[in-house]
Every structure is written in structure tokens, then in C-alpha cells.
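Report on the structure
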Amino acid sequence: MSGFSWDSKLKTLDLSKFRVPTQGERIWKDECAFTFATPYAENGLFVNLETFQAFSVEYLELDQERTGNELYLQIKWRKVVKKEVEKPKVENEKGPPTKMAIGIEGGFDVGPHGGDVQKTYALVWYPNDPPNELQIEVPVSGEGGKIIPPRIAEIVNEIVSRDDASKVNEVAAWNAADEIRPISKFAESLEQVDNGVRISHNPSTWKCADSGMATNLWLNLHDGYIGSGRQNWDGTGGTGAAMKHFEETGKKYPLCVKLGTITPDGDAEVYSYDASEDAMVRDPYLAKHLAHFGLDIKKLKKTDKTLIEMEVDFNMKHVFSAVTEDGKQLKPCYGPGHVGLQNLGNSCYMNSLLQSLFALDEFQKRFLYGNTSALKSERMEVFLASPAEPQSDSEVQFLKLAAGLSDPEAGHIERDEENSLAAVPRMIKDTLGKDHPDYRGKEQQDSVEYLRHILAKIAAMDENSTHPNANPGQWFQFVNEERLQCRQSNMVKYKKSTSAVLSLTIPMHKATNMPKVEASKNKKSKTGEGTVLPTIPFHACLECSIGDDEAAVQTIVDYLSPATGQRGIATQTTYIASFPKYLCVQLRRYVVSEIDYTEMKLNCEVDVPLELDLSKYKSPGLREHEVELPDTDTGDNANANSGPDANVVAQLQSMGFDENLCKHAALNNINADTAVAWIFENMENPAYLVPPTEAPQAPPAARANPDISEDDIVARNNGTGHYKMRAIISHIGNSTGGGHYVAHVFDTTLGQWILYNDRKVAISDKPPLEHGYAYIFERDS
């Protein structure tokens with residue numbers, strides 16, 4: 001250290017290299033760009049005063065080589081435990097969840113939380129003399145502090161006072177119960193009929209005017225009619241009398257309140273049946289409107305469950321416990337390869353998918369999953385060549401996550417109070433979502449759509465890559481072959497398309513336990529106790545979605561045959577033309593109600609097997625006896641077959657969807673049923689909100705690399721139709737826009753299923769094969 005001092009270093013410091021960060025400039029100070037180290041690490045984090053990016057101590061040399069910077073702000077955090085007055089232990093003090101949310105007050109528990117934090121700061125030179133040692137630390141504040149140049153002091157103050165870039169974009173927990181409902185446009189000047197109807201304050205006197213039911217009752221705030229709500233899938237709920245009354249009275253009286261949910265302070269479940277609202281709403285004048293029928297709101301008590309409470313109750317009893325294996329004494333399983341992912345408030349859809357993908361060898365090879373010296377060296381080379389802001393680079397963040405999951409110690413993933421290991425995936429979430437309005441937002445998302453998004457991001461990232469294992473998402477790509485047969489001429493046409501997901505319809509009418517289901521319906525239990533879920537054979541899902549089975553054949557009416565020039569019937573059948581290494585099978589548990597065109601969940605169990613043989617669904621190609629339809633259509637036929645089906649478009653528009661979106665949906669689908677499902681998957685894509693200009697194409701995210709032909713995919717990624725299950729992604733909730741996801745992943749080394757429930761990792765006792773939303777299979781050969 002001879003001749004080495006703060007003053008001597010200041011004399012050599014080029015202050016012109018340093019600038020104060022602008023207000024819009026991002027400051028990365030809470031997490032290392034290349035590891036999950038935080039200021040809680042033993043040496044804290046070191047923020048580069050030129051780039052405003054933080055690094056853990058072992059990456060200082062690499063950052064100095066990248067940037068040439070030598071002055072850093074060291075940030076250290078230490079938890080301070082407050083002494084609290086001991087309280088008597090109360091069992092179940094937290095109480096049961098009341099909201100379909102994770103990690104928030106009233107939601108499902110996700111574990112312990114921290115306390116107060118003591119933060120300290122120091123300026124540090126790097127490199128020092130001798131090299132690679134941190135010898136000179138200068139306190140930024142406090143007694144004995146050295147003199148700091150004004151510009152450096154201003155930079156430090158900005159870094160200390162500003163929020164970290166990840167925190168600026170941090171997502172909030174989804175809280176359905178606290179969702180702000182709009183005030184109904186009918187509330188302020190509500191038309192109320194002076195018909196002399198008076199309603200008792202005694203709930204035992206409330207009855208449905210249509211059926212006499214005494215539960216799930218809705219009071220029409222216009223004329224005092226009391227009718228039951230809509231029927232649930234299991235026979236509970238009501239007869240739909242409230243909605244029928246709205247329709248039978250000319251749709252003039254849309255506003256209804258659910259009796260039993262009204263509280264003295266004015267809270268209640270209020271619904272508007274008017275087409276312009278058709279949703280839960282607020283009525284600020286509820287007390288006044290109830291008084292019209294002789295009801296004093298101050299005398300009313302809450303006696304029935306709200307819709308949110310009913311959803312939580314159902315999921316607690318029927319799905320949540322089964323999917324998360326709640327209540328079982330599962331053995332925690334933490335260490336290399338078994339690291340949880342912290343729920344960022346609403347990121348379980350991402351967590352469950354990433355855990356599933358990183359169990360697959362092609363993803364492990366591409367993103368250097370492991371802790372060998374060779375892998376670490378290769379990783380360092382990528383980090384050294386990374387862009388100016390590695391925190392926002394997809395490849396860097398995938399490598400960082402792979403390193404943390406496979407080697408938590410090197411990744412600076414610390415054990416928490418419960419001795420569990422969980423990485424905080426903020427940077428990769430922000431990086432993968434930065435160009436997409438849904439995934440950069442705070443709403444829950446569909447994990448299957450997120451898979452398509454991730455595969456497209458990886459394909460774009462690796463478009464010009466020379467890595468030997470580039471674009472692992474290609475191993476999900478497979479080819480469908482559609483066979484169209486004109487029933488007038490019996491001639492056929494085969495058309496290939498590419499997909500990354502095999503999406504299957506669930507035929508509820510194929511349930512094998514209907515007597516038990518019907519018996520449980522008769523109980524009409526409000527809480528769901530005793531309810532039996534329909535059991536659907538998995539082969540029935542296959543047979544009504546692909547192959548030659550009659551249930552899978554779709555009929556096209558008014559088809560203009562290029563062979564006969566006449567309109568008539570055509571049929572369409574879908575086969576699998578190639579069997580990819582990895583096959584994602586999605587069960588369409590979320591469908592559109594035929595009654596009101598809203599999204600609804602098919603609550604059922606599907607007996608998905610651990611092993612699949614899909615050989616019978618392979619496309620036979622053009623058969624010897626078949627004659628192909630003409631390749632080129634002309635005249636009216638061209639217009640009929642290249643443009644969107646006007647009937648399908650009209651049906652979709654009647655449901656309230658955007659006209660251009662409907663046209664794209666009609667181009668990509670042959671009937672309204674499949675078109676509606678397509679709309680829900682693509683409605684946020686701005687490319688589909690403008691008029692279509694060309695024939696049907698696969699959605700961009702579903703086709704990871706449009707330059708690769710279907711024949712290329714068949715040749716490169718094809719094998720037998722024999723598969724083994726590797727992962728299950730399950731969803732709890734009535735909509736993919738809410739609820740919770742977990743993953744069960746088969747560990748080939750241990751020969752056991754592992755449960756990944758965000759930060760919790762444990763050996764599974766019974767993977768929920770029958771409750772999955774998406775399944776990932778790996779081909780045998």
C-alpha cells in the first residue's frame with residue numbers, strides 16, 4: 001500500500017468521465033447484473049459510477065475490463081431485528097384466504113417477510129495496489145469522511161436517493177377483491193318503478209319468484225323482482241331467473257344487487273345486465289335505491305358469499321389443495337437444480353414455465369446450466385461481451401437464471417428464514433416483457449401463451465447465433481397437416497402449418513362418472529362440499545381434436561368447390577405430421593360460454609397418462625385413391641376461400657369483439673368456436689387490430705422462425721410418437737387472467753416428481769395429473 005492514498009488517487013481521477021444521471025436514466029443498484037447478489041451479500045454490491053450498474057465483488061474485474069471504470073459506490077444492507085413484546089400464540093391467527101391472490105393480505109400464504117434494514121455506503125477504488133484487493137474504502141457520510149469532489153458527491157446522492165430500475169417497473173400483486181369496479185351509468189338516475197313492492201329485512205322471507213329458491217338471490221333495483229342467479233357447472237347457483245326477468249322486461253331494468261352481500265356501510269355485489277356494461281359494477285346510491293323497497297341498509301347484515309369468496313372457497317376445497325399438495329408433509333428439496341423462484345406479486349405464470357423449461361436438456365445446454373469450470377468460463381466470456389446494459393439483455397439474463405438455478409451458491413442465492421432457496425427473477429421478467437404490453441404489466445397471464453412468447457424471443461435472440469445449441473425452442477416446433485375434402489367431388493387438399501402447442505378440446509359429455517356428478521348436483525351445496533368433478537378420459541380429448549374420429553372432423557358449410565364450381569359441404573380433419581422432441585399439450589379448460597359469451601372454466605378431472613403414444617394421429621399424407629383439388633382457385637372461389645368467412649365474422653362481432661380482430665380470427669379458423677379461442681389468445685396483439693391484407697398465417701409467437709419451412713421441421717425435429725411426461729403446469733382459478741400457477745417437474749436424476757410452488761420446492765407426494773392446464777412431454781427417441 002506504500003504511496004497509495006485517497007488524495008493521490010484523486011489527482012489522477014478524470015472527472016470529465018463522470019456525469020450526474022438524468023431523471024429518466026435507469027439506475028441498477030439492488031441486484032448484480034450477472035448474479036442474484038444483492039446489497040445483503042457479505043461484500044454488498046458495487047455500483048459503477050459511470051454506468052450506474054451494480055455488480056457483486058467477483059465481477060468487478062470483468063466490469064472494469066468492460067468499461068475501464070475504477071470508482072464504485074459500495075452498498076451494504078443489513079437486517080435489523082426489532083425486539084417485540086411476546087404475544088400469546090393463537091392458532092390460525094392469519095385465518096383462511098379471502099382473495100384469489102398470492103402473497104398479499106387475505107391471499108394464499110407464500111412465507112415469511114423481512115424487517116428493518118440498515119444501509120451503509122462507501123466509495124471504493126478498483127483495481128487497487130496490489131491488484132484484485134479492495135483496500136481503500138472512503139465513507140460517503142459520517143465522521144472521518146474524506147473530501148469528495150462535488151460532482152462525485154452529486155452522483156452518489158442521486159444513486160442513493162433514486163429507486164432501482166427494477167423497482168420502478170415492479171409488478172403489484174393481483175387482488176381481485178380490491179379491483180376497482182366502475183360506477184354503473186344507471187346508478188345516478190336509476191329508474192325505479194312505483195309498484196308498491198316492499199321487501200322484509202328478514203332473510204328467511206327472501207325467495208326466488210321463479211323457482212322458490214332461497215339462495216343466490218338477486219334483487220332487481222328497478223322493480224323489486226327477486227330472482228336466482230345463473231347456474232354453476234355443478235348444478236349449484238340458481239336458475240338464471242334474474243337474467244331472464246331482465247330479458248322478459250325488454251332489457252329496461254339491468255341493475256341488480258345480490259341479497260345477503262349487502263353491508264351497513266354500503267358494500268355489496270351489484271351487477272349490470274346491460275350490454276354496454278355486462279359486469280360487476282358499483283352503485284354509490286345503493287342505500288337510496290334499497291329504501292325505495294322499504295329496506296334500511298343499516299339494518300342489513302352480510303349473510304351470503306361474494307363471487308370472489310365463492311371462487312376462493314371452491315379452489316381451496318377442490319383444486320388448490322390437490323395442485324399444491326397443501327396439507328401434506330412434503331419433504332423440502334433445496335440445492336443445485338432445486339431452487340425456487342420468488343413470486344413478484346403476480347409472476348407465477350412465468351415461474352412455473354421457467355422451472356419446466358430448465359428441466360429440459362436442450363435448454364440446459366443452450367444456457368450453460370451447471371457448475372463445471374468449463375461452463376463458468378464460457379459464461380464469463382458471454383458476460384464480458386455483453387451489451388452496455390446487460391440487465392436488459394435476454395441471453396445474459398437466461399444465463400444468469402440458469403447459473404442461479406444450477407449453482408445457487410455461486411449465484412448468490414441466500415437461504416431464507418425457512419432455510420429455503422429462491423431466486424428473485426425481476427431482471428429476466430422485465431427483459432422478456434419489455435416489448436409486450438401484457439408481460440411487462442402487472443396482470444396474471446396465460447402460461448401457454450407465455451411459452452409461445454418465450455420461444456419467439458429465444459428464436460429472435462439466436463437468429464444469427466453460432467452457438468451449437470442455439471434456439472432450443474425449435475424442439476417444440478411441430479407440423480400439423482389439415483386434410484380438406486370437398487363432399488361434392490370427394491377430392492381433397494392437404495395443407496401444412498406449424499405450431500408449438502397441441503391444444504386439445506375437453507368433451508365434458510364424455511365424463512365417465514356422470515351418476516356420481518349428478519348425485520352431487522342434487523345436494524346443491526353452497527360451499528361446494530360433496531361436489532364431484534366430472535372425469536374425462538384423455539383419449540376422448542385427443543379423439544375430438546385430431547385424427548379420423550368423427551368427433552374431430554369439422555364441417556364447413558357453403559364451401560365453394562374449385563372442382564365443381566358449386567357451393568356445398570366440405571369436411572376438415574387435422575393430423576400431426578411430425579413428432580417434436582418436446583411436446584406441449586394444452587387442455588382447453590377455459591372456454592367461451594354459449595349463454596353470454598364470457599370466459600368460463602371447465603371444472604373437471606382429465607386422466608392424463610404419464611406416457612403417450614400418438615402414432616395413430618400421424619398424418620397419412622395423400623392416399624393412393626385420393627385425388628387432389630386444383631391448386632389455384634379463381635373467380636368467386638378465390639374470393640370465398642381467401643377472405644374471412646362473413647358468417648363467422650358476424651357471429652364474432654355479435655359477441656362484442658373488434659371487427660378487424662374478428663376478420664383475422666375468421667381467416668385463421670374455420671368456425672366460430674375455434675375462432676373465439678383464437679381471439680382470446682391474440683386479442684392484445686396490435687397486428688390483429690388492423691384490417692387483414694393476406695391469407696391465414698400462424699400467429700407470430702407460435703412460429704418461432706418463419707424462415708424455416710414445414711419440411712425442414714419434419715426433417716430436423718421428428719421421431720416416433722412415443723412420449724413421457726416431464727412437467728405439469730397447473731392453474732388454480734376461474735380465469736387465466738387471475739389465480740395461481742404451480743409446476744410439477746420430473747427429476748430424471750432422482751427419479752421423482754418435484755413440486756415448484758414459486759419459492760417453495762419439495763418432493764411431490766402425488767403430482768396432480770388430472771388437474772393440469774399444460775403438460776410438457778419428451779419424445780422417447
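Residues numbered from 1 in each chain as written. Predicted model: local features only at pLDDT ≥ 70, side-chain atom pairs only at ≥ 80, totals over all residues. Heavy atoms only, no water.

**What about the packing of helix H8 (residues 348-357) against helix H13 (residues 447-461)?**
As a packed pair, H8 and H13 sit with axes 9 Å apart at the nearest point and diverge in direction by 60 degrees. When the axis of H8 is compared with that of H13, the two are oblique. For the pair H8 and H13, the crossing hand works out as right-handed. Seen from H8, the contacting residues are Tyr349, Met350, Leu353, Leu354 and Leu357; seen from H13, they are Ser447, Tyr450, Leu451 and Ile454. (Axes fitted to C-alpha atoms, helices over the stretch in contact; angles between N-to-C directions. Helix = DSSP H or I, 4+ residues; strand = E, 2+ residues; numbered from the N terminus. Parallel < 35°, antiparallel > 145°, perpendicular 65-115°, else oblique. Left-handed = near helix turned anticlockwise from the far one by under 90°. Contact = heavy atoms within 4.5 Å.)

**Here we look at the nonpolar core**
Within the largest apolar cluster, 83 residues are counted, with the highest numbers of intra-cluster contacts made by Phe34, Leu49, Leu357, Phe398, Ile454 and Phe476. Those residues in contact with Leu357, other than ones at most four positions away along the chain, are Phe363, Leu451, Ile454, Phe476 and Ile776. Counting 28 residues, the second largest nonpolar core, distinct from the first, contains Leu602, Val608, Leu614 and Tyr775. (Core = buried A, V, L, I, M, F, W, Y, C linked by side-chain atoms within 4.5 Å. Buried < 20%, exposed > 50% of the residue type's maximum accessible area, 1.4 Å probe, protein only.)

**Quick look at the sheet that holds strand E10 (residues 279-281)**
Read across the open sheet, the 5 strands follow the order E7-E6-E8-E9-E10; overall the sheet is antiparallel. The sheet is open, and its two borders are formed by strand E7 (226-228) and E10, each paired with just one other strand. For this sheet, the mean inter-axis angle between neighbouring strands, taken without regard to orientation, is 35 degrees. Here strand E6 (residues 217-220) pairs with strand E8 (residues 255-258) via 3 bridges, running antiparallel. Considered in E8, the bridge of Leu219 is made with Val257. Across the face of the sheet, helix H5 (residues 241-248) comes into contact with E6 and E7 while running at roughly 125 degrees to E7. (Pairing = 2+ DSSP bridges.)

**A word on the sheet that holds strand E13 (residues 478-486)**
One open sheet accounts for 4 strands, arranged E14-E13-E18-E17; its pairing is antiparallel. On the outer flanks of this sheet lie strand E14 (492-499) and strand E17 (554-560), each paired with one strand and no other. In this sheet, neighbouring strand axes are inclined to one another by 30 degrees on average, regardless of whether the strands run parallel or antiparallel.

**Some remarks on the packing of aromatic side chains**
For any pair of aromatic rings, geometry is given as the distance between the ring centres together with the angle between the planes. Applying the stated criterion across every chain yields a total of 18 aromatic pairs. When the centroid spacing of 5.3 Å and the interplanar angle of 55 degrees are considered together, the rings of Phe34 and Tyr59 count as tilted. One end of the pair, Phe34, is in the loop between helix H1 (6-12) and strand E1 (45-48); the other, Tyr59, is in the loop between strand E2 (54-55) and helix H2 (60-67), and 25 residues separate them in sequence. Here the two residues Phe34 and Tyr59 agree in accessibility, since each one is buried. Taking the centre distance of 5.1 Å and the plane angle of 55 degrees together, the rings of Tyr271 and Tyr273 count as tilted. Given a relative accessible area of 9%, Tyr273 falls into the buried group. Above the ring of Phe36, the side-chain terminus of Lys400 is found at 4.9 Å from the ring centroid. (Phe/Tyr/Trp six-rings, centres within 6.5 Å; stacked < 30°, edge-to-face > 60°. Lys NZ or Arg CZ within 6 Å of the ring centre and 35° of its normal.)

**Topic: the environment of Thr573**
Looking at the secondary structure, you find Thr573 in strand E18 (residues 567-576). According to the relative accessible area criterion, Thr573 is buried, its value standing at 5%. Along the sequence, Thr573 and Asp548 sit 25 residues apart, while their C-alpha atoms lie 6.8 Å from each other. When neighbours within four sequence positions are excluded, Thr573 is seen to be in contact with Glu481, Glu482, Arg483, Gly547, Asp548 and Val553.

**Details of the pattern of salt bridges**
Applying the stated criterion to the full structure yields 23 salt bridges. Here Glu269 makes a salt bridge to Arg181, at a shortest N to O gap of 2.9 Å. Taken together, the positions of Glu269 in the loop between E8 and strand E9 (270-272) and Arg181 in the loop between helix H4 (165-168) and E6 put the pair 88 residues apart, joining distant regions of the chain. Taking the relative accessible area as the measure of exposure, Glu269 reaches 4% and is therefore buried. Measuring nitrogen to oxygen at the nearest pair gives 3.3 Å for the salt bridge that ties Asp361 to Lys581. Placement of the pair is Asp361 in helix H9 (residues 361-366) and Lys581 in the loop between E18 and strand E19 (582-587), with a sequence separation of 220 residues. Where salt bridges share partners, they join Asp361, Glu362, Lys365 and Lys581 into one cluster. (Salt bridge = Lys/Arg side-chain N within 4 Å of Asp/Glu carboxyl O.)

**Digging into the pairing of strand E26 (residues 752-757)**
When you tally the buried positions in E26, you get 5 out of 6 residues, the bulk of the element. Hairpin connection from strand E25 (residues 740-747) to E26: 4 residues lie between these consecutive antiparallel strands, with Gly751 at a positive phi of about 70 degrees. Sheet analysis places E26 next to strand E27 (residues 760-763), joined by 4 bridges and oriented antiparallel. Among the inter-strand pairings, Asn757 is bridged to a residue of E27, identified as Lys760.

**What about unusual backbone geometry?**
A positive phi angle is found at Lys251, which is not glycine, with a value near 55 degrees. Mapped onto the fold, Lys251 is located in the loop between H5 and E8.

**Points about the confidence of the model for the protein**
When pLDDT is averaged across the protein, the result is 82; 78% of the residues are at 70 or more. Note that pLDDT drops below 50 for residues 97-105; the model gives that stretch 41 contacts with residues more than four away or on any other chain. Below pLDDT 50 for its whole length, residues 108-114 participates in 22 contacts with residues either more than four positions away or in separate chains. (pLDDT = per-residue confidence, 0-100.)

**Quick notes on the side chain of Ser56**
Here Ser56 shows up in the loop between E2 and H2. Within the structure, Ser56 has its side chain in polar contact with the side chain of Thr35 (distance 3.5 Å). The residues contacting Ser56, other than those within four sequence positions of it, are Cys32, Thr35, Ala37, Leu45, Phe46 and His412. (Polar contact = N/O pair within 3.5 Å; in protein donor to acceptor, adjacent residues only side chain to side chain.)

**Details of the pairing of strand E28 (residues 772-779)**
With 8 of 8 residues buried, E28 lies mostly within the body of the structure. As paired strands, E19 and E28 are joined by 5 bridges and run antiparallel to one another. The residue bridging Val585 from the neighbouring strand is Tyr775, located in E28. Across 7 bridges, the pairing between strand E24 (residues 722-732) and E28 is antiparallel.

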